Amino acid sequence: MATSGRRRASEAEELELEPGGDSEEEMEDSSEDEQENEAEIQRLEEQLSISAFDYNCHVDLIKLLRQEGELVKLQCARQKMSELFPLTEELWLDWLKDEIRMAEEPHDREKVYELFEKAIKDYICPEIWLEYAQYSIGGIGLQGGIERARGIFDRALTAVGLHMTKGVAIWEAFREFENAILGTLQPLPGTILAPEEQEMMNVQLNRVHALFKRQLAVPLLDMESTFAEYEEWADEVPSETLVQSYKKALQQMEKRKPFEEALLVADPPKLAEYQAYIDFEMKEGDPARIQITFERALSENCLVPDLWARFTLYLDRQLKIKDLVLSVHERAVRNCPWIVGLWKRYLLALERHQVEHKILTDTFEKALNAGFIQATDYVELWQAFLDYLRRRVNFSQDSSKELEELRSAYSRGVDYLKQDIEQRFSESGDPSCTILQNWARVEARLCKNMQKARELWDRIMTKGNAKYANMWLEYFNLERAHGDPQHCRKALHRAVQCTTDYPEHVCDVLLSFERVEGSLDDWDLAVEKTETRINQVNEWRAKAAEKEALLTKQEEEKNVQRKKVRSEKKAAKKAQKQAMTGDKRKADEEEWGSQLDKPSKKARDGELEEAEGSLSTECGLFGRKSKVKTVETPAQQKQKAVIATRNKVLHDNSKDDLTVFVSNLAYSMPSPEEKMRELFESFGQIRDIRPVYSNRGHFRGYCYVEFKENVAAANALKLDRQELEGRPMFVSPCVDKTKNPEFKVFRYSTSLEKHKIFISGLPFSCTREDLEEICKEYGNLKEIRLVTNRSGKPKGLAYVEFENETQASQAVLKLDGTVVKDHTISVAISNPPQRKQTAKLEIGRTTAPLLPRQLHGARGKSRTQIALVPRALQRWPATDTTTENGTLRDQDGNSKGDSSLSAEAKKMTNADFAKMLKQ
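Not measured: the values here are computed from a predicted model.

Draft legend 1. Inspection of the pairing of strand β6 (residues 753–760) at higher detail. The sheet contact formed by β6 and strand β11 (residues 826–830) spans five bridges and is antiparallel. Within β11, the residue paired with F758 across the bridge is A828. Bridge count for β6 against strand β8 (residues 794–802) is five bridges, and the pairing is antiparallel. Within the sheet, the bridge partner assigned to S760 lies in β8 and is L797.

Draft legend 2. Fine view of unusual backbone geometry. In this chain, P268 is followed by P269 through a cis amide linkage whose omega measures 5°. With respect to the helices and strands, the residue P269 is situated in the loop between α12 (240–265) and α13 (271–284). Although it is not a glycine, K320 sits at a positive phi angle of roughly 60°. Mapped onto the secondary structure, K320 falls in the loop between α15 (305–319) and α16 (322–335). The backbone of K448 shows a phi angle near 55°, a positive value even though the residue is not glycine.

Draft legend 3. Inspection of helix α6 (residues 106–122) at higher detail. The terminal C-alpha atoms of α6 lie 26 Å apart, and with 17 residues this matches the ideal 24 Å at 1.5 Å per residue to within 8%. When we look at burial in α6, the residues that qualify are D108, R109, V112, Y113, L115, F116, A119, I120 and D122. On the buried face of α6, the contacting elements are α5 (89–102), α7 (126–137), α8 (145–160) and α16.

Draft legend 4. Geometry of the sheet that holds strand β7 (residues 781–788). Pairing within the open sheet is antiparallel, and its four strands lie in the order β7-β8-β6-β11. The open sheet terminates on both sides in strands that have one partner only, identified here as β7 and β11. The mean angle between the axes of side-by-side strands here comes to 20°, regardless of whether they run parallel or antiparallel. Relative to β8, β7 runs antiparallel, the two sharing seven bridges.

Draft legend 5. Broad picture of the packing of aromatic side chains. Using the criterion set out here, one finds 33 aromatic pairs in the structure. Judged by centre distance (6.5 Å) and plane angle (50°), the ring pair of F680 and F683 falls under tilted. These aromatic residues form a ring-pair network of at least three members: F364, F372, Y378, W382, F385, Y388, Y416 and F425. Taking the ring centre of Y135 as reference, the NZ or CZ of R109 above it sits at 4.2 Å.

Draft legend 6. Quick look at the pattern of salt bridges. The final tally for this structure, using the stated rule, is 43 salt bridges. One salt bridge connects E117 with R155, and the closest N-O pair in it is separated by 2.9 Å. Taken as a pair, E117 in helix α6 and R155 in helix α8 lie far apart in primary sequence, 38 residues in all. On the basis of relative accessibility, which here comes to 24%, the residue E117 falls in the partly exposed class. The exposure class of R155 is partly exposed, given its relative accessible area of 34%. In this structure, the salt-bridge partner of R289 is E281, at a minimum N-O distance of 3.5 Å.

Cut-offs applied
- Residues numbered from 1 in each chain as written.
- Predicted model: local features only at pLDDT ≥ 70, side-chain atom pairs only at ≥ 80, totals over all residues.
- Heavy atoms only, no water.
- Pairing = 2+ DSSP bridges.
- Helix = DSSP H or I, 4+ residues; strand = E, 2+ residues; numbered from the N terminus.
- Expected span 1.5 Å × (residues − 1).
- Buried < 20%, exposed > 50% of the residue type's maximum accessible area, 1.4 Å probe, protein only.
- Contact = heavy atoms within 4.5 Å.
- Axes fitted to C-alpha atoms, helices over the stretch in contact; angles between N-to-C directions.
- Phe/Tyr/Trp six-rings, centres within 6.5 Å; stacked < 30°, edge-to-face > 60°.
- Lys NZ or Arg CZ within 6 Å of the ring centre and 35° of its normal.
- Salt bridge = Lys/Arg side-chain N within 4 Å of Asp/Glu carboxyl O.

Written as structure tokens, this is what we have:
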């Protein structure tokens, strides 16, 4: 802080001395910025004291401290972060450059060398190696400096010299270094070298020659220029051996060039391109090139667990080099600590290469603090560690330190899962008690301690496992193999009493056991117990069936009662409607009777038709205009017949396997046939497309698409749920459900899918591209589905499917609670809740479609469509007004204009309407 204060004071003095400048204002702004930065630094430090594994918080703190020049705090912050996380190339280069600037004394240079050694262990980065080699050149004046620099260059070539694009820089820097040393050995003009000096010069020349030859034997980009440079430098014709190795490397480079070009044009993190490159190198079989390709892929995909798993598996099975294998395993768990599989492989590799027991134990303790996302992960980790401890024990001895450690670890593991894991995840993670079972097997089979094994099995049964037949049979098998008949019989008798899932099976095992081991009394007792138990189970099942039948009957009675109530309400509404229609018709007859005599039926029909024509411009009931009956021309009649024929889409059920049914299409689609042909013709030759229209010729939103081949129809189902004109299009097989009632159309999975995440709280404006941009950094995306309603409007929900469950788990950890367009989203593993059957029944009752309304009475549409309500009643709904010479007047005789009519019109009740008709 003192250094920072002196620096800021000097800056303030410089500002005051600057002529004509706004020094005071600049100082105030600078002071405000510094105060804000100090407050932010303090906040970040407090946050890290609470949550030390906040990666972004570490990065922000380092950036602010570097900006403020707080070198001591900056060094501590970087050190803490490097202990918890592997640092990126940028973070390491910034740290190294800062330390290089501060290194003044020789012992400071040694600290920088140590820092470089840490940096090259996190990732294999050519830039860091090049910086390391160039920094070593600055120390060649010290004792042993040249040899040290040469050794660092050699290590750099081994690590990244095969990098096809960036390895060239290391080779060229090494050759320049050796050429510079060669230049110091050149004799001055007119002088002759001593024999010792000549020998030193020849050795150096051979070094440069060897470097050129080594580089030209490695497939690198721009090899041609390196070969030309060598010809110019050597000033002689290259040897045949060198030319052959160069041509061979050139051919290898040409084979790898497509992969390098694909990496150049691809967007980060280029995982698919790297995987293809790795597959190619694995087929070629060069271990060095396989290793460098993996390292290049991991430098850009360090959070992809599958990539680390594949690399470690290759090293474990192929190279088996201790330092290399263990180094990669350690880096894998540092980059993806939440993956239990990587920790298990690390423990196995440590055991395989016979590292110290303390190192392996410390690694296991680190794994316990890694923060797995599932309770079962901790069970797997404990099991792997316990297996290692079991393999250390010599069971030929009655007691040993290793055996006591194993028993202590078993006890600790059981307590850890019971206390810590159940409290954290609200679930056991080991409901079947696999660790206790393995412990019991070890005690029984290896330690010959059946008493301890029985105690452990008592603990297993008290944890809710006594009702399962398989648990009792597992215990019985252990007793059968290592115990005695008495305890076997006792275990089976307890199993008969406690088992609820498969009691018949346990009873059969007991009887089979007594046939072989038991006496007559034992047999009689077993038969009595099994018969009693089976009778109890049958009674329970009968009661459960009666209860279920009663519930079903009650539900059916409720349905019948509901139907009865609905039918009564419908009949009452129908009777009320008929009564109102009779009153209206009576009133119409009274009004029309004063103007027209009652003619015969035929005459009345003719006159009504004429009246309909004359009244076509009048307003109907409640202000709606009645339809105008027009005489259709022959062309119109023909067009109507075509439409009526088109509406009746006939489907041949024998062609179901050739046909797909397309629904949920937009009603406003102008030409469905052309649109469907455009979408489906890529799957195969189309025989017919049959859109379905209404009676008026309007498209109803679905159609049949018939192909000429079965394969085309099957492939066309891939378009299901594809968005078309703003709404998802449903494409399903054409199946007659009356003949196949069990046929189920496509439904999204409602079970647990660990490789898929569910996102809620998204803004409605979020698109697939936005989600892809958010999620792609956590792994390979297989599918993104935005949940919409039938009209295609988003619901703010989405499902994102990854390539595997580890990528999905990483996405949940990183994305849950983040903000997307001012909306805080929730992210979880896809596991939709199961719907209860009763809820489905209720939904079915409440949303069942009503019967079609009969708009024209029970006998259909009447012959005439004339509105028979008097015109006065059609126009004026109120009873306190009268008309005189076409002018509306109230009871006092005052006229009312049309504008006041709508304002003063009152809503009439049924009683008002009946009173009006009786006047």
